[in-house]
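Notes for the structure review
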Amino acid sequence: MTIAAVLIDHRHGAVTRPALEALTLARSLGTPVAVWLGEAPSADAAAQLGEYGATEVRVVDAADARVASRAAAAVGAASGDADVVVMISTFVTKEIATRLALATGAGVVVDAAGAELVDGKVETFQTVFAATWDVRTRINADKAIVGVRPNTTHATPADSPAAATVVVVDAELPEARERIVSVEPVEQGDSVPLAEAPVVVSGGRGTSGDYSLVSDFAELLGGAVGASRDATDEGWISHEHMVGQTGTTVTPALYVACGISGAVHHRGGMQASGTIVCINMDPEAPIFEISDFGVVGNLFDVIPQAIERIKEHRGA
Amino acid sequence: MRILVTVKHTPDLQSQRSFTDGRVTRTAEDGTMNELDENAVEAALQLVEAAGEGEVYALTVGGPDAVAAVRKALQLGVHHALHVSDEAIAGSDVFGTAKVIAAAVRKVHDEAPLDLVVTGMAALDGLTSMLPTALAAELDWSQLTLASALSVDGGEVTIERHLPDSHETVSAPLPAVVSVTDEANKPRFPNFKLIMAARKAPVTVWTLSDLALDPAQVGAGAARTTVIDASPRPPRADRIKVTDTGDAGTQLANFLIEKGLA
């Protein structure tokens with residue numbers, strides 16, 4: 001029987017939606033076991049993992065697991081029997097996946113949009129080259145590690161809940177050379193992190209630095225605010241909001257690009273989104289080539305009208 | 001201060017990028033040095049300039065065309081160019097590539113110790129960002145990734161790292177592998193004198209036997225993953241483009257409502 005370990009992403013003790021997506025995907029690859037780094041989960045959190053199929057919740061309460069080598073050793077201690085390890089693909093987990101692969105001989109695919117078992121081997125699919133190509137990869141090694149992007153699997157509870165038995169795993173972690181000198185949390189407020197948001201409304205040069213309408217539109221649609229490199233370089237909005245190849249890659253169900261021309265650096269971070277809508281003054285802007293619905297116009301006219309119409313529709 | 005920078009030959013972002021037999025198509029015409037490696041070269045040059053002494057090596061791995069990547073690094077001002085080229089390397093996954101680079105780094109390090117290996121944050125073709133970690137692990141050196149700022153002092157390197165949920169400051173003893181983001185600096189432009197000099201500068205070419213590596217450890221045969229299918233995605237069908245004549249906001253809203261997105 002195939003065991004599929006899932007590294008659970010959690011924030012302030014709560015399981016994140018991408019973690020449930022990863023568990024949902026893992027159910028199609030084997031028997032899911034959850035791997036939880038940090039203080040043991042609450043009964044509610046463990047129960048939720050059970051609802052999504054986790055037979056066990058393996059807890060490694062590792063200090064300094066911010067360092068990749070230590071985090072990888074912790075995940076490794078809790079997933080020794082797993083044939084597949086699934087994690088949400090982020091800059092941090094890519095390092096954990098790499099270290100774990102070197103320790104175990106596993107094959108790794110990161111930034112996958114999904115995975116399936118074919119003749120006993122894990123195959124992944126993903127888009128590359130700014131989402132202009134589809135690629136299918138076979139993991140040849142006996143053990144597979146799959147980093148999956150948020151919003152690529154629809155999280156659904158298992159037909160019947162699994163036990164989610166909490167098991168504490170003792171792990172011997174290596175001494176790290178790296179020393180974390182300081183950590184400053186970035187204020188998220190109540191908003192959903194960009195990478196996980198089901199809707200992203202982004203503003204670029206066309207906003208001239210005024211993000212009020214972009215924020216209003218994002219709030220109305222239940223989404224997060226993104227930005228182009230131009231806008232973060234101008235200092236109009238902080239780097240955490242940057243969507244693009246070197247910022248955050250997003251794959252929301254809806255992406256709204258306001259006053260963004262769509263340079264390849266930006267497209268690489270959003271082109272795999274479900275529906276793409278854009279508003280831009282320049283009819284020749286490359287963003288129109290990848291937009292399902294494009295408006296040649298001024299975002300300061302178009303957004304307020306769209307907001308009004310949506311509110312009217314909802315009120316009706 | 002002795003620093004080695006890894007540079008990759010990648011298809012130009014503006015070119016029509018494609019796959020051939022499951023591998024990224026690389027040609028001399030539209031290939032270049034991975035844009036994000038310019039930040040790595042710049043970081044290394046700045047550290048050496050600040051120290052007032054030292055040397056920067058640029059290293060690339062790849063077929064004959066890959067020399068374009070180290071030529072670009074020479075144009076920017078690195079002092080030495082290294083090119084590992086061997087047919088047996090083709091088709092390597094990140095772990096095979098890390099083995100090759102680690103062997104080349106050790107060869108340089110054995111001649112005279114290196115302080116740092118600096119890499120870009122990602123290659124804009126594969127975008128996996130896994131190489132710096134794999135390389136640090138292979139070398140058993142300190143690993144400091146995604147630096148948006150870095151400094152070296154008293155045998156230690158310290159970086160700032162901007163993650164989506166936090167800003168970290170991390171230190172580690174030398175030697176270290178450091179990857180830098182495109183926030184770390186603004187890469188310089190090559191000047192005419194360096195461009196001319198780069199054409200004639202020697203490039204040291206090494207094969208696997210020069211690095212005492214067994215070909216069975218690298219290449220397609222050793223790869224833990226294989227691309228089994230690659231196909232261009234069709235453009236989005238049924239695209240709608242309207243020019244605002246007063247009601248485009250309403251039309252946009254209606255589109256979202258019909259799609260169940262608003």
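Look up: the structure comes first, before these words.
So, a few notes on the structure that sits alongside this text.

Here is what the cut-offs are and how they apply
Residues numbered from 1 in each chain as written. Chains lettered and ligands numbered in written order. Predicted model: local features only at pLDDT ≥ 70, side-chain atom pairs only at ≥ 80, totals over all residues. Heavy atoms only, no water. Helix = DSSP H or I, 4+ residues; strand = E, 2+ residues; numbered from the N terminus. Rg over C-alpha atoms; globule rule 2.2 N^0.38 Å. Buried < 20%, exposed > 50% of the residue type's maximum accessible area, 1.4 Å probe, protein only. Pairing = 2+ DSSP bridges. Axes fitted to C-alpha atoms, helices over the stretch in contact; angles between N-to-C directions. Contact = heavy atoms within 4.5 Å. Buried area = accessible area lost by both parts, 1.4 Å probe. Salt bridge = Lys/Arg side-chain N within 4 Å of Asp/Glu carboxyl O. Polar contact = N/O pair within 3.5 Å; in protein donor to acceptor, adjacent residues only side chain to side chain. Parallel < 35°, antiparallel > 145°, perpendicular 65-115°, else oblique. Left-handed = near helix turned anticlockwise from the far one by under 90°. Nonpolar A, V, L, I, M, F, W, Y, C, P; charged D, E, K, R; others polar. Core = buried A, V, L, I, M, F, W, Y, C linked by side-chain atoms within 4.5 Å. Phe/Tyr/Trp six-rings, centres within 6.5 Å; stacked < 30°, edge-to-face > 60°. Lys NZ or Arg CZ within 6 Å of the ring centre and 35° of its normal.

1. Structural notes on the overall build of chain A
Looking only at helices and strands, chain A features eight helices and 18 strands. Over its C-alpha trace chain A gives a radius of gyration of 21 Å, about what one expects of a compact globule, namely 20 Å for 316 residues. When the backbone C-alpha atoms are referred to their principal axes, chain A occupies close to 60 × 45 × 40 Å. In chain A, which comprises 316 residues, the share counted as buried stands at 57%.

2. Describing the sheet that holds strand β17 (residues 275-280) of chain A
Pairing within the open sheet is parallel, and its six strands lie in the order β15(A)-β14(A)-β16(A)-β17(A)-β18(A)-β15(B). Bordering the open sheet on either side are β15 (224-227) of chain A together with β15 (240-243) of chain B, each of which pairs with just one other strand. The mean inter-strand angle of the sheet, taken between neighbouring strand axes irrespective of direction, is 15°. Relative to β15(B), strand β18 (residues 293-296) of chain A is paired through four bridges, and the arrangement is parallel. The partner of A:Gly294 across the bridge, within β15(B), is B:Lys241. Contacts between helix α8 (residues 299-315) of chain A and the sheet are confined to β16 (254-258), β17 and β18 of chain A, with β17(A) contributing the most and set at about 135° to the helix.

3. Focus: the interface of chain B and chain A
Each partner contributes to the interface: chain B provides 77 residues, whereas chain A provides 82 residues. For the pair chain B and chain A, the summed buried surface comes to about 7100 Å²; carbon and sulfur atoms form 57% of the total. In this assembly, chain B and chain A are joined by seven salt bridges. Between B:Arg236 and A:Asp292 there is a salt bridge, and its shortest N-O distance comes to 2.8 Å. In this assembly, chain B and chain A are joined by 49 residue pairs in polar contact (both at pLDDT 80 or more). For the side of chain B that touches chain A, the elements supplying multiple residues, two or more each, are α4 (131-139), β9 (142-153), β10 (156-162), β11 (166-173), β14 (225-232), β15 and α7 (248-258) of chain B.

4. Observations regarding the side chain of B:Asn185
As for its placement among the helices and strands, B:Asn185 is situated in the loop between β12 (176-180) and α5 (192-200). A polar contact of 3.0 Å, which involves the side chain of B:Asn185, links it to the side chain of B:Asn39.

5. Side note on the packing of helix α4 (residues 91-104) of chain A against α4(B)
It is at 9 Å that the axes of α4(A) and α4(B) come closest, and there the two elements cross at 40°. Considering the angle they form, α4(A) stands oblique to α4(B). Our pair here, α4(A) against α4(B), has a crossing hand that is right-handed. Of the residues in α4(B), those in contact with A:Glu95, A:Thr98, A:Arg99 and A:Leu102 of α4(A) are B:Thr133, B:Ala134, B:Ala136, B:Ala137 and B:Glu138. Of the residues belonging to the contact of α4(A) with α4(B), the class tally is four nonpolar, two polar and three charged.

6. Describing the nonpolar core
Membership of the largest hydrophobic core comes to 57 residues, with the highest contact counts inside it found for A:Ile145, B:Leu4, B:Val84 and B:Val100. In terms of residues, this core owes the most to one element, helix α3 (residues 94-111) of chain B, which gives 10 residues. The residues contacting B:Leu4, other than those within four sequence positions of it, are B:Tyr57, B:Leu59, B:Leu82, B:Val105, B:Val108, B:Leu114, B:Leu116, B:Val117 and B:Val118. Among the nonpolar cores identified, the runner-up in size contains 35 residues, and B:Val7, B:Leu45, B:Leu74 and B:Val203 belong to it.

7. A look at the side chain of A:His266
Residue and element names in this part refer to chain A. Examined against the element boundaries, His266 turns out to sit in helix α7 (residues 264-267). Separated by 3.0 Å, the side chain of His266 and the backbone oxygen of Val243 make a polar contact. Apart from residues lying up to four places away in sequence, His266 is in contact with Ala227, Ser228, Val243, Gly244, Tyr255 and Ile260.

8. A few points about the packing of aromatic side chains
A ring pair, where both rings are aromatic, is described by two values, the distance of the centres and the angle of the planes. The full count for this structure, using the stated rule, is one aromatic pair over all chains. Over the face of the ring belonging to B:Phe95 we find B:Arg224, whose NZ or CZ atom lies 4.3 Å from the ring centre. Over the face of the ring belonging to A:Phe288 we find B:Lys241, whose NZ or CZ atom lies 4.6 Å from the ring centre.

9. A look at the pattern of salt bridges
Applying the stated criterion across every chain, the model contains 25 salt bridges over all chains. B:Asp140 is paired through a salt bridge with A:Arg177; the nearest N and O atoms lie 3.3 Å apart. Of the two residues, B:Asp140 is situated in the loop between α4 and β9 and A:Arg177 in the loop between β12 (165-168) and β13 (179-185); the pairing between them involves two chains.

10. Quick look at the environment of A:Val243
Looking at the element boundaries, A:Val243 is found in the loop between α6 (229-233) and β16. The class for A:Val243 is buried, based on a relative accessible area of 1%.

11. What to know about the environment of B:Ala137
Within the secondary structure, B:Ala137 sits in helix α4. In this structure B:Ala137 touches A:Arg99 and A:Leu102, once residues within four positions along its chain are discounted.

12. Observations regarding the packing of α3(B) against α4(B)
Between two packed helices, what matters for the description is the angle formed by their axes and the separation of those axes. All names here are of chain B. Closest axis-to-axis distance for the α3/α4 pair is 9 Å, and the angle between their directions is 50°. In terms of their interaxial angle, α3 and α4 are classed as oblique. Helix-helix and strand crossings are classified by hand; for α3 and α4 the assignment is right-handed. Where α3 abuts α4, its residues Val94, Phe95, Thr97, Ala98, Lys99, Ile101, Ala102, Val105 and Arg106 lie against Leu131, Ala134, Leu135, Glu138 and Leu139.

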